[in-house]
Amino acid sequence: MPTRTAEQRRQAEKAAYDAYLAACPTRKLLDEIAGKWVSLILVALGDGPQRYSDLSRRIAGVSQKMLTQTLRVLERDGLVRREVTPSVPVRVDYSLTPLGESLRALVAGFKEWAEANFDAVDAARADYDARTPDLTIGPDGAG
């Protein structure tokens with residue numbers, strides 16, 4: 001049997017990814033990148049490097065803990081770069097890596113779609129709720 005090259009092995013492994021399978025590592029990645037804070041952080045960083053405090057002010061409602069955790073996950077996944085500039089006080093800037101920019105381009109489309117279509121979705125919800133009084137879905141919707 002012929003020996004496969006490293007590239008052939010990588011291609012075979014890549015073809016084996018299937019996020020529909022619970023054990024697939026891409027399922028966890030999808031869970032991480034589908035979060036609302038991830039989306040908002042990536043889109044905000046699309047405007048260029050920003051300090052932690054800038055992100056905190058721009059993304060209303062995100063707690064300090066959640067912003068810190070999300071930035072750490074994004075940095076670990078290679079989507080965000082954290083740059084520390086020694087000064088008093090220390091300056092920390094966050095920016096997108098090329099990999100992060102490729103995801104930001106996709107996520108920005110979801111944000112724009114949500115902003116452009118919210119009224120139609122809201123009307124559909126009201127119509128559904130009027131027709132289905134026995135079923136209550138919370139304000140966060142299905143999840």
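Thresholds applied
- Residues numbered from 1 in each chain as written.
- Predicted model: local features only at pLDDT ≥ 70, side-chain atom pairs only at ≥ 80, totals over all residues.
- Heavy atoms only, no water.
- Core = buried A, V, L, I, M, F, W, Y, C linked by side-chain atoms within 4.5 Å.
- Buried < 20%, exposed > 50% of the residue type's maximum accessible area, 1.4 Å probe, protein only.
- Helix = DSSP H or I, 4+ residues; strand = E, 2+ residues; numbered from the N terminus.
- Contact = heavy atoms within 4.5 Å.
- Expected span 1.5 Å × (residues − 1).
- Arc of directions from axis to C-beta.
- Salt bridge = Lys/Arg side-chain N within 4 Å of Asp/Glu carboxyl O.
- Polar contact = N/O pair within 3.5 Å; in protein donor to acceptor, adjacent residues only side chain to side chain.
- Axes fitted to C-alpha atoms, helices over the stretch in contact; angles between N-to-C directions.
- Parallel < 35°, antiparallel > 145°, perpendicular 65-115°, else oblique.
- Nonpolar A, V, L, I, M, F, W, Y, C, P; charged D, E, K, R; others polar.

- Going by the annotation in an unreviewed UniProt entry, the name recorded for the chain is Helix-turn-helix domain-containing protein, with Amycolatopsis melonis given as the source organism.

### Details of the nonpolar core
Now for step 1: Ile41, Leu42, Leu45, Leu55, Leu74, Val80 and Tyr94 are the most contacted members of the largest nonpolar core, which has 22 residues in total.
Now for step 2: If you list the elements that add at least two residues to this core, you get α3 (36-45), α5 (64-76), β3 (91-96) and α6 (98-131).
Now for step 3: When residues of this core are assigned to their parent elements, the largest contribution, seven residues, is made by α3.
Now for step 4: Sequence-distant contacts of Leu55, that is, excluding residues within four places in its chain, are made with Ala44, Leu45, Gln50, Leu67, Leu71 and Tyr94.

### Concerning α5
Now for step 1: Over its 13 residues, α5 runs 18 Å from end to end, which matches the ideal 18 Å to within 8%, given 1.5 Å per residue.
Now for step 2: Turning to α5, its buried residues number three or more, namely Leu67, Thr70, Leu71 and Leu74. Viewed along the axis of α5, the buried residues span an arc of 100°, placing them on a single side of the element. Opposite the buried face of α5, by more than 90 degrees, sit the exposed residues Lys65, Arg72 and Arg76.
Now for step 3: Note on α5: the residue one or two positions beyond its end, Gly78, has a positive phi of about 80°.

### Topic: the pattern of salt bridges
Now for step 1: A complete count under the given rule lists seven salt bridges for this structure.
Now for step 2: Arg91 is the salt-bridge partner of Asp93, the closest N and O atoms lying 2.8 Å from each other.
Now for step 3: Notably, a salt bridge pairs Arg131 with Asp127, separated by 3.2 Å at the nearest N-O pair. Taken together, the residues span about one helical turn, with Arg131 and Asp127 both in helix α6 at a distance of four residues.

### Thoughts on the side chain of Asp93
Now for step 1: Within the element layout of this structure, Asp93 appears in strand β3.
Now for step 2: Since its relative accessible area comes to 13%, Asp93 is described here as buried.
Now for step 3: There is a polar contact of 2.8 Å between the side chain of Asp93 and the side chain of Arg91.
Now for step 4: When residues no more than four places from it in sequence are discounted, the contact partners of Asp93 are Gln50, Arg51, Arg81, Arg82 and Glu83.

### Considerations on the packing of α3 against α5
Now for step 1: At a minimum axis separation of 10 Å, α3 and α5 run at an interaxial angle of 75°. Put simply, α3 runs roughly perpendicular to α5. Contacts between α3 and α5 involve Trp37, Val38, Ile41 and Leu42 from the first element and Met66, Leu67, Thr70, Leu71 and Leu74 from the second.
Now for step 2: Within the contact of α3 with α5, the residues separate by chemical class into eight nonpolar, one polar and no charged.

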